[in-house]
Amino acid sequence: MKISDKDIEIGIDIGTSKTCCLIAEIKSEEESNKILGVGNAPSQGIKKGSIIHRDKVMESIEIAVREAELMSGIKVNRATVSISGNHIRGINTQGAIAIQKAASSNVPMEQEITQSDVSRVLELAKAVSLPIDREILHILPQEYLIDTMDSIKDPVGMSGRRLEAKVHLITMAATTAKNLVNCVHELAIDVEGLVFQGLASSIATLDSDEKDMGVAVIDIGAGTTDVTVFYDGGIRHSAVVDVGANTVTNDIAVMLQIGMDDAEQIKMKYASAKASMSSTELEFDLPVKNGGIARKVSEHELSRYVEARMIELIQLVGREISRAGINEQLTYGVVLTGGGAMLRNLVPLAQEKFNLPVRIGQHKNFSGAVDIASTADFTAAIGLTQWNSVTRDMVMKDMTVTPIGKAVTNIKDWVRGLFT
Ligand SMILES: Nc1ncnc2c1ncn2[C@@H]1O[C@H](COP(=O)(O)OP(=O)(O)OP(=O)(O)O)[C@@H](O)[C@H]1O
Ligand SMILES: [Mg+2]
């Protein structure tokens with residue numbers, strides 16, 4: 001069967017440890033989404049979301065893209081790209097307008113709210129003064145208020161005198177974003193949208209019930225951890241914590257006096273996030289280099305250090321979650337995703353420390369090459385392919401004159417889209 005080009009969505013997730021290109025067929029009925037191609041390359045030249053070596057970043061993207069092209073038989077000439085890093089900030093703002101009377105009428109009656117009223121109120125809500133070099137990445141409506149009525153999702157067609165919008169803004173460092181987008185452009189790929197990685201992971205893993213009843217998505221990457229808190233269908237808080245799963249690898253390398261590659265292997269094979277759930281009896285051999293002495297370490301001893309670091313990360317994340325001010329209402333608790341979520345026994349540790357239900361987030365409703373992209377480190381790439389269908393957003397509306405301007409979408413679409 002021939003796949004229509006308009007159903008094809010391409011995501012490029014450029015992470016600290018790996019770059020992933022994912023090509024999927026996205027249909028409006030979620031059931032029929034299909035992964036057609038996956039390409040993966042170890043990331044080089046990215047550190048905590050920022051480019052430190054441009055050529056290496058481009059090389060990683062190219063390898064991932066070519067692999068996905070080969071698998072799917074589809075040429076990648078456009079993509080939705082992820083962005084993360086400690087330059088990302090989330091803030092809540094609001095704006096209010098009086099609903100204009102029809103020109104011919106001087107009767108003080110309530111007016112019907114139009115799409116242009118909604119655009120106007122959102123323009124006001126986003127008019128915060130940002131420091132130089134910061135730009136708005138996403139404008140995400142939380143709720144609208146008409147006169148004294150609150151919690152309105154779509155005010156168009158309703159009547160009132162005053163319209164207020166509460167929104168969550170995600171801002172970023174413009175230079176970091178431009179450099180990232182330029183790398184992709186140089187490979188002759190149009191950037192259709194730039195999406196906060198934590199938001200992309202949320203799209204792939206959450207259903208609307210969870211977003212309504214309260215949930216926090218924690219994407220534990222190699223370099224950073226993205227936090228996104230949802231309640232009542234909207235985002236209440238978003239942040240990037242400057243600690244990722246590579247910190248654990250680093251700790252192991254220092255503690256055991258071994259190289260990072262060996263430490264990474266040991267972490268995957270023997271580490272547990274809860275030391276009490278690992279054995280003092282089970283020992284593993286440390287790599288012997290240059291005629292050194294053979295050494296053994298128990299899984300329990302290794303895990304004690306790992307647990308301490310994970311508790312620190314959980315505390316940092318917990319601080320961010322509490323900034324959303326809805327701790328009591330996180331009915332669905334915490335969803336862990338990203339490669340770091342695969343650390344053995346992290347779920348019971350997180351459950352104990354957050355005192356909330358915790359689950360591992362995986363993508364839903366995809367068929368096709370799911371085996372290759374089934375683990376938690378692929379959720380951001382998968383979410384990127386769902387971005388256009390799930391939520392339309394005003395991605396960098398203000399940057400139309402820059403090379404990133406290609407990532408602009410229509411204001412009407414995103415206003416309508418978020419709550420659908
Ligand atoms: N099975 C596993 N057990 C423990 N840790 C794992 C496992 N698999 C992957 N990881 C860790 O997950 C991290 C990589 O996660 P991921 O691929 O999500 O990062 P990234 O997207 O490249 O980074 P970032 O999002 O920070 O830019 C690495 O630190 C890796 O050690
Ligand atoms: Mg990542």
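Structure's up top.
Rules of the game
- Starting from 1, residues in each chain are numbered consecutively following that chain's sequence as written.
- Each chain is given a letter, starting from A, and each ligand a number, starting from 1, according to the order in which they appear as written.
- Thresholds applied to this predicted model are a pLDDT of at least 70 for local features of residues and 80 or more for the giving and counting of side-chain atom pairs; totals over whole chains, interfaces and linings are not thresholded and use all residues.
- Heavy atoms from the whole structure form the basis of all side-chain values; hydrogens and water molecules are not counted.
- Only Phe, Tyr and Trp rings take part, Trp by its six-membered ring, and two of them pair if their centres are within 6.5 Å. Stacked means planes under 30 degrees apart, edge-to-face means over 60, and tilted covers everything else.
- The rule for a charge over a ring is simple: NZ of Lys or CZ of Arg within 6 Å of the ring centre, and within 35 degrees of the ring normal.
- We call a residue near a molecule or strand whenever a single non-hydrogen atom of that residue lies within 4 Å of it.
- Distance and chemistry together define a polar contact, namely a pair of N or O atoms within 3.5 Å, with one atom able to donate a hydrogen and the other to accept it when in protein, and with adjacent residues in sequence counting only for side-chain atoms on both sides.
- Per-residue and other accessible areas follow the Shrake-Rupley method at a 1.4 Å probe size, with only the shown protein chains counted as cover for residues.
- The way it works is that DSSP assigns letters per residue, a run of H or I at least four long becomes a helix, a run of E at least two long becomes a strand, and they are numbered from the N terminus.
- Strand pairing requires that DSSP identify at least two bridges connecting the strands.
- Axis lines are fitted through C-alpha atoms, for helices just across the contact stretch, and the angle between N-to-C directions can take any value from 0 to 180 degrees.
- Any two residues whose heavy atoms approach within 4.5 Å at even a single point are treated as in contact.
- By nonpolar core we mean a set of buried residues, namely Ala, Val, Leu, Ile, Met, Phe, Trp, Tyr and Cys, connected to one another through side-chain atoms within 4.5 Å.
- Only protein chains enter the area calculation, which uses a 1.4 Å probe; residues under 20% of their type maximum are buried, those over 50% are exposed, and those in between are partly exposed.
- Every helix has an expected span of 1.5 Å times one less than the residues it contains.
- The labels follow the angle: roughly parallel below 35 degrees, roughly antiparallel above 145, roughly perpendicular from 65 to 115, and oblique for the rest.
- A clockwise turn of the near helix away from the far one marks a right-handed crossing, whereas an anticlockwise turn of less than a right angle marks a left-handed crossing.
- When a carboxyl oxygen of Asp or Glu lies within 4 Å of a side-chain nitrogen of Lys or Arg, that pair is called a salt bridge.

**Q** How would you summarise the packing of aromatic side chains if you had to cite specific residues and measurements?
**A** For the structure shown, the criterion picks out one aromatic pair. A cation over a ring is seen here: K18 above F378, with NZ or CZ 5.9 Å from the ring centre. The ring of Y305 carries the charged tip of R304 above its face, separated from the ring centre by 5.8 Å.

**Q** Go over the site of ligand 1, please, and point to the residues and values.
**A** What surrounds ligand 1 is a group of 20 residues, the closest being T16, S17, E264, K267 and G339. A distance of 3.0 Å separates an oxygen atom of ligand 1 from a polar atom in the backbone of A222. Here N246 contributes a side-chain N or O atom positioned 2.8 Å from an oxygen atom of ligand 1. A total of 660 Å² of accessible area belongs to ligand 1 in isolation, and the protein chains cover 91% of it. No other element matches helix α7 (residues 260-270), which puts three residues into the shell around ligand 1.

**Q** Account for the sheet that holds strand β6 (residues 78-83), naming residues and giving values.
**A** Strand order in the open sheet formed by six strands is β13-β6-β1-β2-β3-β21, with mixed pairing between adjacent strands. Either end of the sheet is taken by a strand with one partner, and the two such strands are β13 (190-196) and β21 (366-368). With strand direction ignored, the average angle separating the axes of adjacent strands in the sheet is 35°. Here two bridges tie strand β1 (residues 8-14) to β6, and the two strands are oriented parallel to one another. Within the sheet, the bridge partner assigned to I12 lies in β6 and is V81. On the sheet, helix α1 (residues 54-72) packs against β1, β2 (18-25) and β3 (33-42) and is oriented at approximately 145° with respect to β3. Contacting β1, β2, β3, β6, β13 and β21, helix α10 (residues 379-390) runs over the sheet at an angle of about 140° to β1.

**Q** Please set out the nonpolar core residue by residue, giving values where relevant.
**A** With 49 residues, the main nonpolar core has I12, I14, C21, I61 and L194 as its most contacted residues. Looking at this core, the element that brings in the most residues is α1, giving six residues. Every residue in contact with I61, bar those within four places of it in the chain, is listed here: I12, I14, T19, C183, V184 and L187. If you look at the next biggest cluster of nonpolar residues, it comprises 42 residues, including V229, A253, A273 and F284.

**Q** Let's hear about the pairing of strand β15 (residues 225-231): which residues, and what values?
**A** For β15, a buried count of six out of seven residues is recorded, marking the element as mostly surrounded by other parts of the structure. Two strands pair when backbone bridges link them, and strand β14 (residues 215-220) and β15 are joined in this way by six bridges, in the antiparallel orientation. Bridging from a neighbouring strand, A216 pairs with V229 of β15. Here β14 folds back onto β15 in antiparallel fashion, the turn holding four residues. Bridge count for β15 against strand β16 (residues 234-241) is seven bridges, and the pairing is antiparallel. Across the sheet, the residue bridging to Y231 is G234, located in β16. The antiparallel pairing of β15 with β16 creates a hairpin that spans two residues between the two strands, and D232 there sits at a positive phi of about 55°.

**Q** Describe helix α3 (residues 174-186), listing the residues and the values that go with them.
**A** Taking 1.5 Å per residue, 13 residues should reach 18 Å; α3 reaches 18 Å between its end C-alpha atoms and fits that length. Within α3, the full set of buried residues consists of A174, T176, A177, L180, V181, C183 and V184. In the stretch just after α3, A188 is the one whose phi turns positive, near 60°.

**Q** Report on unusual backbone geometry, specifying residues and quantitative values.
**A** Phi at Q257 is positive, roughly 55°, even though this residue is not glycine. Among the secondary structure elements, Q257 is positioned in the loop between α6 (246-256) and α7. With a relative accessible area of 63%, Q257 lands in the exposed category. For N345, which is not glycine, the phi torsion reads 65° and is therefore positive. Checked against the element boundaries, N345 lands in the loop between β19 (334-337) and α9 (346-354).

**Q** So what about the packing of α6 against α7? Which residues, and what values?
**A** Direction vectors running N to C along α6 and α7 enclose 110°, while the axes themselves pass 8 Å from each other. As judged from the angle between their axes, α6 and α7 are roughly perpendicular. The handedness of the crossing between α6 and α7 comes out as right-handed. Contact residues: N246, V248, T249, N250, I252, A253 and L256 in α6; M260, A263, E264, I266 and K267 in α7.

**Q** Summarise the pattern of salt bridges; cite the residues concerned and give the values.
**A** According to the stated counting rule, one finds 22 salt bridges in the structure shown. Residue E192 pairs with R78 through a salt bridge whose shortest N-O separation is 3.4 Å. Placement of E192 in strand β13 and of R78 in strand β6 is noted, with a sequence separation of 114 residues between them. Residues K274 and E352 are paired through a salt bridge, measuring 2.4 Å at the closest nitrogen-oxygen approach. With K274 in the loop between α7 and β17 (283-285) and E352 in helix α9, this residue pair connects regions lying 78 residues apart in the sequence. The exposure class of E352 is partly exposed, given its relative accessible area of 44%. Salt bridges sharing common partners tie together E62, R66, E69 and K75.

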